[in-house]
Structure formats: C-alpha cells, structure tokens
Amino acid sequence: MKSDLNICIVDDDEIYKFTVVKILKSIGFDKNIMAFSDGDEAFNFITNNLENVKALPDVILLDINMPIMDGFQFMDEFVKINPRVGKKITIYMVSSSVDAKDVKKAASISEISDYIIKPIKRGELQNILEGLNKEIRI
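Along every chain, residues carry numbers that run from 1 in the direction the sequence is written. Restriction of local features to residues with pLDDT of at least 70 applies here, the model being predicted, together with a cutoff of 80 or more for giving and counting side-chain atom pairs; totals for whole chains, interfaces and linings are based on all residues. Just so you know, side-chain values use all the structure's heavy atoms and leave hydrogens and water out.

A.B. asks: Please explain the sheet that holds strand β5 (residues 112–117) as it appears in this structure.
C.D. replies: What holds strands together in a sheet is hydrogen bonding between their backbones, with the strands either parallel or antiparallel. Pairing is parallel across the open sheet formed by five strands, whose spatial order is β2-β1-β3-β4-β5. The open sheet is flanked by β2 (32–36) and β5, the only strands paired with a single partner. Averaged over all pairs of adjacent strands, the angle between strand axes in this sheet comes to 20°, irrespective of strand direction. By the convention used here, residues are in contact when the closest approach between their heavy atoms is within 4.5 Å. Between N-to-C directions, angles cover 0 to 180 degrees, with each direction set by a line fitted to C-alpha atoms, over the stretch in contact for helices. Here a strand is any run of E in DSSP of at least two residues, a helix any run of H or I of at least four, and the numbering for each starts at the N terminus. Contacts from helix α1 (residues 14–26) reach β1 (6–10), β2, β3 (59–62) and β4 (90–95), with the element oriented near 160° to β1. Two strands pair under a simple rule: DSSP has to find at least two bridges between them.

A.B. asks: What am I meant to see in the pattern of salt bridges here?
C.D. replies: For side chains of opposite charge, pairing can occur when their charged atoms come near one another. Each salt bridge in this description consists of a side-chain nitrogen of Lys or Arg and a carboxyl oxygen of Asp or Glu lying within 4 Å of one another. In total, this model carries six salt bridges according to the counting rule given. A salt bridge links K17 to E14, with the nearest nitrogen and oxygen atoms 3.0 Å apart. Placement of both K17 and E14 in helix α1 is noted, with a separation of three residues, approximately one turn of the helix. The salt bridge partner of E77 is K80, with a shortest N-O separation of 3.2 Å. Of this pair, E77 and K80 both sit in helix α3 (residues 71–81), three residues apart, roughly one helical turn. Classification of K80 by relative accessible area gives exposed; the value is 58%. Through salt bridges with shared partners, a single network forms among D11, D63 and K118. Only protein chains enter the area calculation, which uses a 1.4 Å probe; residues under 20% of their type maximum are buried, those over 50% are exposed, and those in between are partly exposed.

A.B. asks: Just to check I follow, could you spell out the packing of helix α2 (residues 39–48) against α3 for this structure?
C.D. replies: Angle between the axes and distance between the axes: these two values describe a pair of packed helices. Put simply, α2 and α3 touch, their axes get as near as 10 Å, and they point 10° apart. Between α2 and α3, the interaxial angle falls into the category roughly parallel. Here α2 and α3 pass one another in a crossing that is right-handed. Every residue of α3 that contacts α2 at G39, A42, F43, I46 and T47 is listed here: F74, E77, F78 and I81. Ten residues, namely Ala, Val, Leu, Ile, Met, Phe, Trp, Tyr, Cys and Pro, are considered nonpolar, four, namely Asp, Glu, Lys and Arg, are considered charged, and the remaining ones, Gly among them, are considered polar. Looking at the contact of α2 with α3 residue by residue, the class counts come to six nonpolar, two polar and one charged. With respect to orientation, any angle under 35 degrees is reported as roughly parallel, any angle over 145 as roughly antiparallel, any angle of 65 to 115 as roughly perpendicular, and every other angle as oblique. By definition, turning the near helix anticlockwise from the far helix through less than a right angle yields a left-handed crossing, and turning it clockwise yields a right-handed one.

A.B. asks: Please explain unusual backbone geometry as it appears in this structure.
C.D. replies: Excluding glycine, a negative phi dihedral is what most residues carry, and trans is how most peptide bonds are arranged. Between K118 and the following residue, P119, the backbone shows a cis peptide bond with an omega angle of 0°. For P119, the position within the fold is in the loop between β5 and α5 (122–137). Phi angles above zero are rare outside glycine, and I68 is one such case at about 65°.

A.B. asks: Sorry if this is basic, but what is going on with the environment of E77 here?
C.D. replies: A residue is classified by how much of its surface remains accessible, and E77, at 27% relative accessible area, is partly exposed. Taking the C-alpha atoms as reference points, E77 and G39, 38 residues apart in sequence, are found 9.6 Å from one another.

A.B. asks: Looking at this structure, how should I read the packing of aromatic side chains?
C.D. replies: The description of an aromatic ring pair rests on the distance of the ring centres and on the angle between the ring planes. Planes of paired rings set the category: under 30 degrees apart is stacked, over 60 is edge-to-face and the rest tilted, where pairs are Phe, Tyr or Trp rings (Trp by its six-membered ring) whose centres lie within 6.5 Å. On inspection of all chains with the given rule, the structure shows three aromatic pairs. Pairing F36 with F45 gives two aromatic rings, centres 5.5 Å apart and planes at 40°, and the pair type is tilted. Their ring planes at 15° and their centres at 5.9 Å tell us that F74 and F78 sit as a pair that is stacked. Here F74 and its partner F78 are both found in helix α3, four residues apart, which amounts to about one turn of the helix. Given a relative accessible area of 0%, F74 falls into the buried group. For F78, a relative accessible area of 0% corresponds to the buried category. By way of ring pairs, the aromatic residues F43, F74 and F78 are connected into one cluster. Comment: the charge-over-ring label is applied if NZ (Lys) or CZ (Arg) is within 6 Å of the ring centre and within 35 degrees of the ring normal. Looking at K118, its charged tip hangs above the ring of Y16, at a distance of 4.3 Å from the centre.

Below, the structure is given as structure tokens:
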C-alpha cells in the first residue's frame, strides 16, 4: 500500500526504533519516518513546525519511559498546544509497561488513541496505519 503518512517514533530504545523502521519498510510505510530519543526532542520538533503542517506527524508511536521528557510529560505539553496544531495527530502510547496505573493514565488522556504493549506486532502496526491512511484520504 502506498502511503504519505508522516510517522513519528518517540523512544529511547535504538533497537526498538530500528525494528519498527524495518517493519514499516516491509509494509510500505517508510516514506516519511522521523524518530526521536525523548519527548523533549519530539515536542520541540512539533512546536517548531506548527506553521508547516506538512512536516508534522500524522501518527506518533510514543514510549512512556524515556530520559529528559517521558511520554506522559510529552502528553501534558502536547495537550496544551494541540488547539494550535493545524492537523489531527493520532497518538499511540507504545510501552513495555503492563502497569495498570500506566494503562489507566493513558486511557484518561483523550488525545491518546490507544495503549499498545511492546513489542508492537507487524500486523497490528499495519492495521493501524492502513486505517489512518484511509481516514486521511477521505
């Protein structure tokens, strides 16, 4: 499937990012991938590109546990600027944490679409991205 989705991976685990990029390439969603090692880098990218909607991600795969700014801290800041973002950004919290507190906290943030336990599976990622691709093209 051909896709022009801007996909953003926010995770400090280099092996995980490498694996997700390999999966994205294998399913044809590798045209516009950006990766950041912590929430602060990703947040700065978004705020620096508020006027450049085409550069902003369509989907963010966001880890919880990262240095500098973790996933929940990123969400705290993102919620504040979301009204100024010129496009819908779909955010998935993707974490190895199975802690019920983390799952509940993620569910309480309306800007988070879903909570996915790592490792994200090829079919799961493909279904998510194909659905978003169809949604954007409508």
